[in-house]
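# Examination of the molecular architecture
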Amino acid sequence: MTELIRQAFERFGADVCVEHAGQSVCTRAFVQPLTAESNREPFSVAPLGAVDERCWRYLGLSRAEMGDVIVHDGVRYAVRRAAPVYAGGEVAYYWAVLHIEEETA
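Here is a short report on the structure shown in this document. What you see is a predicted model, and the numbers here were worked out from it, not measured in a lab.

Here we come to the side chain of H72. Relative to the elements of secondary structure, H72 occurs in strand β6 (residues 69-72). In this view, H72 contacts A14, D15, V16, V31 and Y77; residues no more than four positions away in its chain are not counted.

Okay, structure coming up:
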């Protein structure tokens, strides 16, 4: 089962890099926008300004953990939540919820 999943990532996934603790691992993965059915704007206004609430989903073969950065098509995404997905008692792939990394000046 996990071999078929790996083959699907290799064949249909996009090139991404996972940055963790100063190391970068390039792999094949899917990065997709998460959409919610709502009639409101994809941001909220906080006391310090607008906050972008858009999120993306990462499905990939390389481990992603909270605090890591995923780089896809030149965009840097910060990992909000992450966990392994198991099939038959072994890790089949990893998922994560991402948001665009804020630029620091």
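Turning our eyes to something else, we now look at the environment of V16. By secondary structure assignment, the location of V16 is in strand β1 (residues 14-20). Accessibility expressed as a relative area gives 2% for V16, which makes it buried. Through-space distance from the C-alpha of V16 to that of C26 is 5.6 Å; in sequence the pair is 10 residues apart. Excluding anything up to four places from it in sequence, V16 contacts V25, C26, T27, A29, V31, Y58, I70, V71 and H72.

Further remarks concern the sheet that holds strand β2 (residues 23-34). As summarised here, the arrangement of the 6 strands in space is β1-β2-β5-β8-β7-β6, forming a closed barrel in which the pairing is antiparallel. Strand-to-strand twist across the sheet, computed as the mean angle between neighbouring axes with direction ignored, equals 45°. In terms of strand pairing, β1 meets β2 through 7 bridges, oriented antiparallel. Paired with A14 across the two strands is A29, which belongs to β2. Relative to the sheet, helix α1 (residues 2-12) contacts β1, β2, β5 (55-60), β7 (75-87) and β8 (90-100), its axis offset from that of β2 by approximately 85°.

Rules used throughout
Residues numbered from 1 in each chain as written. Predicted model: local features only at pLDDT ≥ 70, side-chain atom pairs only at ≥ 80, totals over all residues. Heavy atoms only, no water. Helix = DSSP H or I, 4+ residues; strand = E, 2+ residues; numbered from the N terminus. Contact = heavy atoms within 4.5 Å. Buried < 20%, exposed > 50% of the residue type's maximum accessible area, 1.4 Å probe, protein only. Pairing = 2+ DSSP bridges. Axes fitted to C-alpha atoms, helices over the stretch in contact; angles between N-to-C directions.

In short, the description is geometric, and any link to function would need to be established separately.
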